[in-house]
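Chain by chain, the residues run as shown.
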Amino acid sequence: MKKPAPWWKHGHVWLLISGPAAVVVAGIATAVIAVRGADPVVEADYYRRGIEINKALAAAKERAQLPAMQGRNHAATPAQP
């Protein structure tokens, strides 16, 4: 009778081990990235800055629509005799 081969010589064993091993390596890599590259703390006045940005965007949108609004108003007014 032939002696069975040791477990590490079977390919399907390594196939089964490789999945969890890859997950462990990816988890460690993610932890290292998270510890080394910590995000900066949010600014104390983030809300005020956001409001200012929204006001600036609204003003730019108003300026961009101004020619269209003037043309629409002109087309809607009746002709002067």
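Each value, and the rule that gives it
- Residues numbered from 1 in each chain as written.
- Predicted model: local features only at pLDDT ≥ 70, side-chain atom pairs only at ≥ 80, totals over all residues.
- Heavy atoms only, no water.
- Helix = DSSP H or I, 4+ residues; strand = E, 2+ residues; numbered from the N terminus.
- Areas by Shrake-Rupley, 256 points an atom, 1.4 Å probe, with all protein chains shown as cover.
- Expected span 1.5 Å × (residues − 1).
- Bend = angle between axes of the 7 residues up to and from the residue.
- Buried < 20%, exposed > 50% of the residue type's maximum accessible area, 1.4 Å probe, protein only.
- Salt bridge = Lys/Arg side-chain N within 4 Å of Asp/Glu carboxyl O.
- Phe/Tyr/Trp six-rings, centres within 6.5 Å; stacked < 30°, edge-to-face > 60°.

Trainee: Please set out the overall build of the protein residue by residue, giving values where relevant.
Mentor: Along the protein, the regular secondary structure elements total 2 helices and 0 strands. Just so you have it, the protein exposes about 7800 Å², and 68% of that area is on carbon and sulfur atoms.

Trainee: Can you break down helix α1 (residues 11-36) residue by residue, with the values?
Mentor: The first and last C-alpha atoms of α1 sit 37 Å apart over 26 residues, in line with the 38 Å expected at 1.5 Å per residue. At Ser18, α1 is deflected by roughly 30 degrees, the largest bend along its length, and proline Pro20 occurs up to four residues later in sequence. Burial analysis of α1 places just 1 of its 26 residues in the buried class, a small minority of the element.

Trainee: I'd like to hear about the pattern of salt bridges, residue by residue, with values.
Mentor: Tallied over the entire structure, the rule returns 3 salt bridges. Arg48 is the partner of Asp45 in a salt bridge, and the nearest nitrogen-oxygen pair spans 2.5 Å. Overall, the relative accessible area of 23% leaves Asp45 in the partly exposed class. What makes Arg48 partly exposed here is its relative accessible area of 41%. We note a salt bridge from Arg48 to Glu52, for which the minimum N-O separation is 2.5 Å. In this pair, Arg48 and Glu52 are both assigned in helix α2 (residues 46-76), 4 residues apart and thus about one turn of the helix distant. Looking at Glu52, the relative accessible area reads 42%, which means it is partly exposed. Where salt bridges share partners, they join Asp45, Arg48, Arg49 and Glu52 into one cluster.

Trainee: Account for the packing of aromatic side chains, naming residues and giving values.
Mentor: If you walk through the whole model with that rule in mind, you get 2 aromatic pairs. Ring geometry for Trp7 and Trp8: centres 6.0 Å apart, planes at 85 degrees, overall edge-to-face. Put simply, the rings of Trp7, Trp8 and Trp14 touch in pairs and so form one group of aromatic residues.

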